Amino acid sequence: MKIKSLYISAQEKNAGTLFVSMGMMEILKRKLHRVAFFRPIIFDKNIRNGDIDFILQRYNLDMNYEECYGFDIKEVEEMISKKEDNSLITQLIDKFKKLEREYDFVLCEGIRRSFLTSTISYDLNVKIAQNFAAPTINIIKADDATAKEIYENMLIENEYLTSEGCTHFATFVNRVDDEKHKQLQKMFEKVSYTVYLLKEVQELNLPTIDDVIESLGAKEVMLGAYDHARVIKNVKVAALTLDNFLEHIEEEDLIIVPADRSDIILGLFGALHSSSYPNISAIIFPFSMKLNKNIQKLIAGLNSFKVPILSVDTDTFETATNIMNVHSKLRVNAQRKIALALGLFNSSVNIQSIEEKIATTYNDIMTPQMFEYKLFFMASQNKKRIVLPESSDERILRAAEIILRRDVADIIFIGDEKELKERYMRLGLDLSAAQIVNHLTSPLIQKFTETFYELRKHKGLTKDAAKDAMLHVNYFATMMVYLDYADGMVSGANHATADTIRPALQIIKTKPGFSVVSSVFFMCLKTKVLVYGDCALNQDPDAPTLAEIAIASAQSAKMFGIEPKIAMLSYSTGESGHGFDVDKVREATKIVQQKRLDLLVEGPIQYDAAIDKSVAKIKLPHSKVAGEATVFIFPDLNTGNNTYKAVQRSSGAIAIGPVLQGLKKPVNDLSRGCFVEDIVNTVAITAIQAGENE
């Protein structure tokens, strides 16, 4: 019988249960449409469970909160004390089986044994896993034990699970330092079951500003949209004079200072704007004190970076004590921590092995999340170097950090190294893994100038003009791709589309067999992904060009795991209509059929006949494309652009693109109104395109 569930459990507090649950959910959602999350036992029904909330929100699961748990500890202990153990298990099985029938897979997360009292004389997690017939993943925390103790603990756990009739799916040993990692690797060579070692990453254990707000009930005095996820490494109390205190601040400190210490507060803001001092994470005012109105006015008038400020009711000593007891919590809005955690998980486990073990039933449903996961996975399997010339844009920097942390691609920035480092550190980002190239001082400028001159001198380009062109970030970055210093480029957040495409056409040029650059949008609907081309570039293509766009779009679809079935769209289906517009589509269809016998193509065809099987049965009953089209080729830009926007806005579809196609090497354009997630997706797509060009 195929596995339809997994049960994750840990013995100790802070073992990383949610971390492992998130990693496993990433793997499951890549292939499965409907995945359920279930915690048989939670701590207290009157307090919303953090793990359930996190998984529901991050993965947008189609579940109500109440479906995600069975009982709380008080109810469980009450039933067991009344010897109603069987009733407890039966009711849990009922809830679980309901989810198993309604969903493709159920990921279960058990209760920590440390939460259960001595009245429960057996391992309740194992009992539940037995009755769910769910293979078990157990988590062992490594930071408080020796390598030998960890190894012996794992052997005992495996033997116990096997003796109780459970299938031991895998063991995750979490929070392993470098020395223990080496020792355990040797020890685990002897075992025949799956063990994954997850290294200790200090930042994952550091609290964030949101953790402080939640734990201390702190009020927001000054807090930006991205400040909630800033991490806190140390806590300092400002009890010295400013000139002495500045010597003691360190990166990502939380500073406790009374609001009437205007000298300290202004000094800390000055330190943030100085490249000579570390960047603190936040300031917190004890005693619920308020800033002097003139100081508040001064700070409010700063147009650049600001220090987040909080306020609490407690005094300085109590505030410091409370902050030291704040625990780190994985939160949905903490994208930096999530990216770091997933990067660690993916680099530590054999994803392919896990997928083979799970052996789920595959289907043709593809949700937006599944498509995004697919992009990240494909890109990470063959990492490429993507150059981002617009390094001054905050959105670019935030997207780049996610790309680096998810291990999707290597990043190259164009810009001044000192200025860029100061900027991303002030934003609380870690982009130290990125390469930075200053195009104005690079030794490559001469080579790039000569190359560009040779490429364009027949067009009348002079050497001076070639050098001037290389001083433009997009031209320089495009030349990096052309000469293999980078594998792809993404630009457009601050530049017009022409500024991105023109250098690509002049330097990289089109692939053999292609005369134009065209584009596609990946339209992520609720349960499927469609390819729309060309809705962004070519205004009124003739029949040969339209055929070329269709072939390129089919290749793009196939590259991303979408079986191409091409619909050449028109206002008429089959032979029912005539006129210049429909005849153009009819001719383009014939050209595709002649050039590519391997492609399924239908045209002219109306949109409803292309996508709706019931309409297709009436209009084109014998077509292999009608009703099942995945690639939609629009006859002109007016039709395509309006249609994709209408579908996007009316159905809630996510439109990823435009993705450029037809170039010898990948260059992709961003909208100037793009969001961070748009940039992340575009970089991943560009990396995949680069891999296909090998």
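All values reported here derive from a predicted model rather than from experimental measurement.

## Considerations on the packing of helix α16 (residues 368-381) against helix α28 (residues 676-692)
Inference 1: Direction vectors running N to C along α16 and α28 enclose 45 degrees, while the axes themselves pass 9 Å from each other. By the angle between their axes, α16 is oblique relative to α28. Two packed elements cross with a definite hand, and for α16 against α28 that hand is left-handed. Across from E372, L375, F376, M378 and A379 in α16, the residues of α28 making contact are V680, N681, A684, I685, A687 and I688.
Inference 2: For the contact of α16 with α28, a count of residues per class yields 9 nonpolar, 1 polar and 1 charged.

## Focus: the sheet that holds strand β17 (residues 518-524)
Inference 1: Strand order in this open sheet of 6 strands is β20-β19-β21-β18-β17-β22, and the pairing throughout is mixed. In this open sheet, the two edge strands, each paired with only one partner strand, are β20 (600-605) and β22 (654-661). Each neighbouring strand pair of the sheet contributes to a mean axis angle of 20 degrees, computed without reference to strand direction.
Inference 2: As paired strands, strand β19 (residues 565-569) and β20 are joined by 4 bridges and run parallel to one another. Residue K565 lies in a different strand from β20, and its bridge partner there is L600.
Inference 3: Along the sheet, helix α24 (residues 580-595) makes contact with β19 and β20, crossing β20 at roughly 170 degrees.

## Here's the deal with the pairing of β22
Inference 1: Here β22 lies mainly inside the structure; 6 of its 8 residues are buried.
Inference 2: Examined bridge by bridge, β17 and β22 share 6 bridges and lie antiparallel to one another. Among the inter-strand pairings, S518 is bridged to a residue of β22, identified as Q661.

## Topic: the packing of aromatic side chains
Inference 1: Evaluation of the coordinates by the stated rule reveals 20 aromatic pairs.
Inference 2: An aromatic cluster of three or more residues is present, and its members are Y7, F38, F96 and F132.
Inference 3: Taking the ring centre of Y103 as reference, the NZ or CZ of R34 above it sits at 4.3 Å.
Inference 4: When the ring centre of Y226 is taken as reference, the NZ or CZ atom of R398 above it lies at 3.7 Å.

Criteria and cut-off values
- Residues numbered from 1 in each chain as written.
- Predicted model: local features only at pLDDT ≥ 70, side-chain atom pairs only at ≥ 80, totals over all residues.
- Heavy atoms only, no water.
- Axes fitted to C-alpha atoms, helices over the stretch in contact; angles between N-to-C directions.
- Helix = DSSP H or I, 4+ residues; strand = E, 2+ residues; numbered from the N terminus.
- Parallel < 35°, antiparallel > 145°, perpendicular 65-115°, else oblique.
- Left-handed = near helix turned anticlockwise from the far one by under 90°.
- Contact = heavy atoms within 4.5 Å.
- Nonpolar A, V, L, I, M, F, W, Y, C, P; charged D, E, K, R; others polar.
- Pairing = 2+ DSSP bridges.
- Buried < 20%, exposed > 50% of the residue type's maximum accessible area, 1.4 Å probe, protein only.
- Phe/Tyr/Trp six-rings, centres within 6.5 Å; stacked < 30°, edge-to-face > 60°.
- Lys NZ or Arg CZ within 6 Å of the ring centre and 35° of its normal.

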